[in-house]
Structure formats: structure tokens, C-alpha cells
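# Reading the structure
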Amino acid sequence: MVHTVSATSTLTPQDLADALTALRERPPLVQCLTNVVVAGWTANVLLAVGAAPAMVDNPHESGDFAAIAGGVLVNLGTPYDDTAHAMHLAVADAKLAGTPWVLDPVAAGALAWRTSLAQQLLREARPAIVRGNASEILALAGGAGGRGVESVDSPEAAAQVAMVLADQQQSVVAVSGPTDHITDGRRMVRLTNGHPWLTRVTGGGCALGALMAAFAAVVPDAVVAAAAATATLTVAADSAARQSRGPGSFAVALLDELTLIEPADLAERARIS
Amino acid sequence: MVHTVSATSTLTPQDLADALTALRERPPLVQCLTNVVVAGWTANVLLAVGAAPAMVDNPHESGDFAAIAGGVLVNLGTPYDDTAHAMHLAVADAKLAGTPWVLDPVAAGALAWRTSLAQQLLREARPAIVRGNASEILALAGGAGGRGVESVDSPEAAAQVAMVLADQQQSVVAVSGPTDHITDGRRMVRLTNGHPWLTRVTGGGCALGALMAAFAAVVPDAVVAAAAATATLTVAADSAARQSRGPGSFAVALLDELTLIEPADLAERARIS
Amino acid sequence: MVHTVSATSTLTPQDLADALTALRERPPLVQCLTNVVVAGWTANVLLAVGAAPAMVDNPHESGDFAAIAGGVLVNLGTPYDDTAHAMHLAVADAKLAGTPWVLDPVAAGALAWRTSLAQQLLREARPAIVRGNASEILALAGGAGGRGVESVDSPEAAAQVAMVLADQQQSVVAVSGPTDHITDGRRMVRLTNGHPWLTRVTGGGCALGALMAAFAAVVPDAVVAAAAATATLTVAADSAARQSRGPGSFAVALLDELTLIEPADLAERARIS
């Protein structure tokens, strides 16, 4: 099933600006079940933008908390038996409570155990958003049947893969790359802000998944939530890169810019198509 | 049992300065059983101020190490079965060896399992200091009987709750907020340095708990230890905020200032009452 | 068996420069089984220098990944039952696949369980490099028989200990300190770049171990790999210290400098003997 990607965005930069306004007015509580590498960084990104992170990832508490959180991030960067157990419970309670959750299937396709874990979680509860790079999204699309998408070596191929997985899961799928693609299987949003240094700081993508969970907590349309998160991070990255000497100063400036960025900045500077 | 908070501080800024001199002259070995989100940040805060952190939080080693550490931090930010087990063993050996330990009951009251864990640890061994925000302290005070303190929506209410828990536990209790309250149930110290950006960096409070364990290792009076830790962090934060654009540069500057701060700075700038 | 350290370096600064050129031309995939305190920092150091970190430390995946990684770091900073299990599996598969691995025995000698773990791992598979401070290396050398080296209170004693362990393990041994010593039991390389602030940032040594795994992936001679990693980190630290006010800004500048450093900088500035 090869899609012809004819869908075009109906989103405007002002839609993204409005989403940031909503986040600032009603700071969401974002539960993160994420990896030990980026846990502190992710919390700092959420705090910087104005959200309230809660890293509740043990199986005794993850389900109960998912029921009261505004959004939930499940990131498979460093899963262990204990935290994987917590993930199953979190998505089950998120489903019951109607809490939107985001799946970030780090390294899916490259490592067997977590690929299987990602597939199980997708079967247990529909995520609002699945966010990954092209090969991770391909692994999940292919893993559920492997119909027609076999490589992701072009932006157009990445867009196709995203639409396949969005169709399969009835979720919004966001594929990160030089061009970010976001689709619900019908609409396709492309964003082209950002800087290569985002790939020289660990957790650039992981932070984006967390921001998507934050926006999904305050914006009902998950395409808008995913696009607003992407634009907020990448427009802030544009600003941060201009004042940085390398990835160390870039990461610091990025946190500053996530606090300083205003809805009007998104309206003016988000490159969306 | 509603206290009338008539107790006033007998501490002077010079007492806090002397505590920092003691810490610099005899750098304490501080064992941290803390959460994965802030473990690196906490170690960096301790190193910056001149202490020696040791993040020994597995059950095979936590007890033995608590017997030789100068101070122990037990922070409930991300407890797992494995590390919770290590906490029980650490406080047991800290008690036997007379090592002062600090309990930071992150999110107590909001999450059932860790609230129960905090209460168990309090029964097993008396901490030198319990540090938290007002609602965490309220949860522990209420959890042990709930006598008369039902809300913490004013600084005075926070002070009352602190005195209740200090009485119950025979520990020093420190309640963090715009005004920091520290009490042993008789004396009440109020400190008003600090900056709102401390709440926009993950681990501001967690770092404060770690600093309290460091000062408790070198200062016999736990009220002085808790107040010196609070003043060191918040006076450094005052300096850091003046050179920062946002929470990213603030966190970096805070580490610098924790190294640069001298006892004379506390004597001159700590706002204590 | 007390060695007379007569061995001298046959390495030149240009050898180190060539190693950095190799790393930049063929960015290695470095699997890190490391501690929760420095996991993010370590990943950022590897990304900054141009390597690709992968923190795969669960027992379901660690072995398979060690077979495909370019180099593996095993760091004992915060071992748990789960991750220790993963370490055994990783070194077993690294051995089978011929993947070079680096052991960083954090706190060996001071804590019994991890000392035993380090000794087991050394028996299971020969590491390319063992990196530690003098007392950690002494603990491993003595633990394997304790022949003649009983203190490490001088650079010369540290060099002796390194040669003893290198002989025992048939591995390269790197002892970090104001002077860094690297030996395979025959050759002895001394490096004297660096700055005391490297000891005021958590994970200075841990990052060095990770860089050794990165260089070991691209340079066949493990003495060269260990020396190139040491020179890259410490020459970058020299630059970073000149633009820093304290350990916070130093850590940020160090990441920038690890990206900016060029092979020619090593050729010009590495102090090797």
C-alpha cells in the first residue's frame, strides 16, 4: 500500500501560536516514562516551556498517575523490566481515563526487545501521537505488516511511511528529520525550522516527544499539538544556534529560548507547509 | 494540635558563614540515594560547593556505605523496588553508625506508594532533617495522625505544619518556598533569599536536600545545617539570576556561583529572621 | 613484583592527531553501559566529539548490541542487579564478536559488591582498556594477587600499579590523575594536559572512559586509543578552562571545545612523554 502523498496542511502558523498560548495559560502536568539518559534534560525542557513534568515511571504509581496527568510520554530509550512494566500500566490507565499519550519508540527496528515492547503498547492503547525518526517509524509500520514501504531514504518516503503508520494506528505520526512530517493519515504538515546541533545534543528528539505530550494535554487536535511542539522546539533552536559556539552552549541557550519564546514568534517564524 | 508559632530564630548570618567555612575545611562525603532525573545535577551541585558526592543506591552496598559516609540523602523522586530496598538498608546502617541523614519525600501525598515508603523510613530511623515543600510536609504530618493542619496556603500555615512534623519526628523540618522555614519544633528560622528560576530548573529542591546532607555532616546542629544549606543555595541563586537570560543559563551560573561563594557572602547577604 | 618503570613512550602528538582524524572520518557507534549519574553527560561528550552513543544497558539487548557496536563502555558507577546482568552479557558478546570494550571500575576497592563485579568481568573477557584512578587500579591489581604494590601516593607508584595490572590482564591500563599514565605493560605514555575543574564536574573520568571506547573502535592499538582519548579530553579542557568562571560554565565550554577541537590542536598542544 503505497500512498500518494497529496494531502496538504490546513494548519497556519497562527494555529501553532494559539497552541502555545493555551499551554502557557493552562500549564499541563506531563508524566514522563522516559530513559535515564535524558530524564533531567527532558524535565528541564518541559519546565522551560512552562509545563510541569512528573517523572513517575515505577509500576506502583505509573497507572494511577496517568489517570490524573494531562499528558503522558512513553519513551523507550532505556527500558528495563521494571519500567517496561510501568509503561504497560500507564497506557492502560491513560486509555481508561482518556489521557492523551505519546509513544517515542527510540531505536525500534534496531533492537528486538524494545521493538516488541513498542508493538505491544500500540496494541494495548491507541497513542495520540507516535514520534520517531524515519527508520523507527518504518520499523513500526513494517512490523505491523510491512506493506510496501521499504526504505526511508528521501523525505517523500518518510512522509509515506508516516501515513501508513497513521492509517494503521489511527494515531498522529510525527517523523523528525531536516523536514519534520506530521500526519493523521489525511492531513500532512511539513515544518522546516531547526538546526543540525539539535542532533549533537542527546535528547533532542526525546524532548520533542515530551513537548508533544505537553501540547496534547491542552490542544484537542493531535496534529496541531505535534506541530506546535515541533515548531516551538525548532524555532527556539533557530534562536539558540545564533548565540552558540557548539553543542554545549547551544543546549543551554535552547532552554533559555524555550522560556523566552512567545506565541508571536511562532506566528512569525514557523515555516509550515 | 495547632501551634502558635512564637519561636524566633536565634541564628545569625555569621552562624551560616561558619558552617560554610567548616564544609570547605573538611569536605564531607555525601551518599545520595536520589532520583534518576537529578542525579547528575545533584552530584554537580555537591562538587561545586566543595563536597564529595557518592551516588551509592543499590541494596548490595547502600548500607555499608551509609556507615562510612559523612551524611546521607534519601530522595524519593523516582523510587523503584531495587532502590527503595537500598533506602531501607541505608537508613538502618546510618542509624547504627550515627550518620545524619536527610529525607526528601518528593511528591509525598500525591502518590500512595512513595508516601507509604516515606512513612516507613521515618519509623525505621530518625532523620536529622526532613526537607520538602509545604504539601509534602503536610502529607507526612497528616499521615502520622492528621492533627489540626489541613492546608498550607499561607507561609504561616507552612510554618505550623513544619512544627507539627518536627515535634512528631524529633527531626528538623525544612519547608521550601518563597520564604524557607526551618524548625526543630522550638526554634523557627526564616530565610528569604532565592529566585523563581530555582523552580524552573529540575532538581532545585533536590539539590537543597543534598546540600543539607553535606552540611549535616560537618555541623552538629541540624537547624544550622539546614539553614546554611538553604542560604548557600539561595544566595548563590541571587547572584546567578543577575547574569542569566533564562533557566538554562541560570543553572550553569548557579554551579559557578556555588564554587565562588564565600562564607563572607553568607554573612553579608543571607536574609534570616 | 615491583616493576622498574623504564618503558618510555614511542607515541608522538601526531599519532594522537591521526587517531582523532580517524574518529571524525568513521564516527564510531559506542555502546555505553554506564551509571545513571553521568549517562546524559557521557552521551553529550560522545556526540560533541563526533561519535554516536547508544546507551543499551538492559539484559534483553546488551549482548546483541555489543556484537554490532564499534566499542563498548562498561562503567560501574551505579550498578544494579539488572544492569550488572546486562554487563556480563555485553562483555561475553563483545568477546565473541571481537568488539573492544573498556572497563571503568568506579569505586573499586571502596565497595565490595562492585569490586567483585569488576573482577568477574575481567575474568570473563579481556578488556581492551581498563581506566580508573590510582586507587581503583590498585584495588584490581591487588585483588588479583596483591603482589608488591600497596600504595599509590606518588605518580611513580601509580605508574607501577598500572604496569602490574596491564601484565595481569594483558590489557592496556590507564590511570587518571594530574599526570595520566597509559601502559600495555611495556610502553608507558604520560600525558599532562588538563585542568582541576575536570574533577569538579561529575563524570570527568566517566567521559574519558567513554571516549576511550570511541577511539578503540577506530584505532587498533589500544595504547594509542587511550592516549588519544585522554589528550582530546584534556586539551579541550585546557581551552574550556580559559573561558570559564567555575565548573558550570566549564562543563558547557568543554562540550563546545570537544566539537571545535581539530587533529592539529592535538599535534600542537598534547603534552606527551
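Let us look at the structure shown here. (Residues numbered from 1 in each chain as written. Chains lettered and ligands numbered in written order. Predicted model: local features only at pLDDT ≥ 70, side-chain atom pairs only at ≥ 80, totals over all residues.)

Time to look at the overall build of chain A. In terms of regular secondary structure, chain A is built from 11 helices and eight strands. Along the three orthogonal principal directions, the C-alpha set of chain A runs to about 45 × 45 × 35 Å. (Helix = DSSP H or I, 4+ residues; strand = E, 2+ residues; numbered from the N terminus.)

One non-glycine residue, Q170 of chain A, adopts positive backbone phi at about 55 degrees. Mapped onto the fold, Q170 of chain A is located in the loop between α7 (155-169) and β6 (172-176). Classification of Q170 of chain A by C-beta neighbours within 10 Å gives exposed; the count is 10. A positive phi is found at A107 of chain C, a non-glycine position, where the angle reads about 70 degrees. Following the sequence through the fold, A107 of chain C ends up in the loop between β4 (101-104) and α5 (112-124). Residue classification places A107 of chain C among the buried positions, given that 23 C-beta atoms sit within 10 Å. (Buried ≥ 20, exposed ≤ 12 C-beta atoms within 10 Å, placed from the backbone.)

The next point concerns the pairing of β6 of chain A. Residues and elements named next belong to chain A. The element β6 is largely enclosed, with a buried count of five among its five residues. Neither face of β6 is left uncovered, since the one carrying V172, A174 and S176 and the one carrying V173 and V175 both have all their residues buried. Relative to β6, strand β5 (residues 129-133) is paired through five bridges, and the arrangement is parallel. Residue I129 lies in a different strand from β6, and its bridge partner there is V172. Taken together, the three bridges between β6 and strand β7 (residues 180-183) define a ladder with antiparallel strand orientation. Bridge pairing in β7 links A174 to I182. Two successive antiparallel strands, β6 and β7, enclose a turn made up of three residues. (Pairing = 2+ DSSP bridges.)

With an axial shift of 0.0 Å and an RMSD of 0.0 Å, the rotation relating chain C to chain A amounts to 120 degrees. Such values leave the two copies arranged in the relation of a three-fold axis. Within chain C, V36 of chain C has its C-alpha nearest the rotation axis, a separation of 3.6 Å. Mapped onto chain A, only 13% of the interface residues of chain C again fall at the interface, so the copies present different surfaces. (Least-squares fit on C-alpha atoms with pLDDT ≥ 70 in both. Contact = placed C-beta atoms within 7 Å.)

Residue and element names in this part refer to chain B. Summarising burial for strand β5 (residues 129-133): four of the five residues are buried, a large majority. Where strand β4 (residues 101-104) and β5 come together, two bridges link them in parallel fashion. Across the sheet, V102 pairs through a bridge with I129, a residue of β5. Between the parallel pair β4 and β5, the chain is carried across by helix α5 (residues 112-124), and the sense of this crossover is right-handed. (Right-handed = clockwise from strand over helix to strand, strands pointing away.)

Turning our attention to the interface of chain C and chain A. At the junction of the two partners, chain C supplies 23 residues and chain A supplies 22 residues. Contributions of two or more residues to the side of chain C that touches chain A are made by α2 (39-49) and α10 (247-260) of chain C. For the side of chain C that touches chain A, the element with the most residues is α10 of chain C, which contributes seven residues. Of the residues belonging to the side of chain C that touches chain A, the class tally is 14 nonpolar, five polar and four charged. (Nonpolar A, V, L, I, M, F, W, Y, C, P; charged D, E, K, R; others polar.)

Residues and elements named next belong to chain B. At a minimum axis distance of 9 Å, the contact between helix α1 (residues 13-25) and helix α9 (residues 222-242) shows a crossing angle of 85 degrees. Judged by the inter-axis angle, α1 sits roughly perpendicular to α9. Of the residues in α9, those touching α1 at D15, L16, A19 and L20 are V224, A225, A227, A228, A231 and T232. Here the contact of α1 with α9 is built from residues that sort into eight nonpolar, one polar and one charged. (Axes fitted to C-alpha atoms, helices over the stretch in contact; angles between N-to-C directions. Parallel < 35°, antiparallel > 145°, perpendicular 65-115°, else oblique.)

Okay, the sheet that holds strand β7 (residues 180-183) of chain B next. Residues and elements named next belong to chain B. In space, the eight strands of this open sheet follow the order β2-β1-β3-β4-β5-β6-β7-β8, with mixed pairing throughout. At either end of the open sheet lies a strand with only one pairing partner, and these are β2 (52-54) and β8 (188-191). Going across the sheet, the axis of each strand differs from the next one's by a mean of 20 degrees, ignoring polarity. Where strand β3 (residues 71-75) and β4 come together, four bridges link them in parallel fashion. In the sheet register, V74 faces β4, and the bridge partner there is L103. Docked against the sheet, helix α8 (residues 204-216) engages β1 (29-33), β3, β4, β5 and β6 (172-176), running at close to 160 degrees with respect to β3.

Moving on: the sheet that holds β5 of chain A. All names here are of chain A. Spatial strand order, β2-β1-β3-β4-β5-β6-β7-β8: eight strands in an open sheet with mixed pairing. In this open sheet, the two strands that pair with only one neighbour each are β2 (52-54) and β8 (188-191). Along the sheet, successive strands turn relative to each other by an average axial angle of 20 degrees, direction set aside. The strands that helix α2 (residues 39-49) touches are β1 (29-33) and β2; relative to β2, the one it contacts most, it runs at about 155 degrees. Seen against the sheet, α7 touches β5, β6, β7 and β8 and runs at an angle of roughly 155 degrees to β6.

Let us now look at the relation of the copies chain B and chain A. There are two copies of the chain, and a rotation about an axis plus a shift along that axis relates them. If you rotate chain B by 120 degrees and push it 0.0 Å along the axis, it lands on chain A with an RMSD of 0.0 Å. A share of only 14% of the interface residues of chain B reappears at the interface of chain A, consistent with the copies meeting through non-equivalent patches.

The subject of this paragraph is the interface of chain B and chain A. Often, the extent of an interface is quoted as the loss of accessible area upon association of its parts. Tallying the contact residues gives 22 residues for chain B and 23 residues for chain A. Taken together, the elements giving at least two residues each to the side of chain B that touches chain A come down to α2 (39-49), α5 and α10 (247-260) of chain B. The leading source of residues in the side of chain B that touches chain A is α10 of chain B, at four residues. A class-by-class count of the residues in the side of chain B that touches chain A yields 11 nonpolar, seven polar and four charged.

Residue and element names in this part refer to chain B. On the secondary structure map, D64 appears in helix α3 (residues 62-68). The class of D64 is partly exposed, set by 18 C-beta atoms lying within 10 Å. As a C-alpha pair, D64 and A227 span 163 residues in sequence and 29 Å in three-dimensional space.

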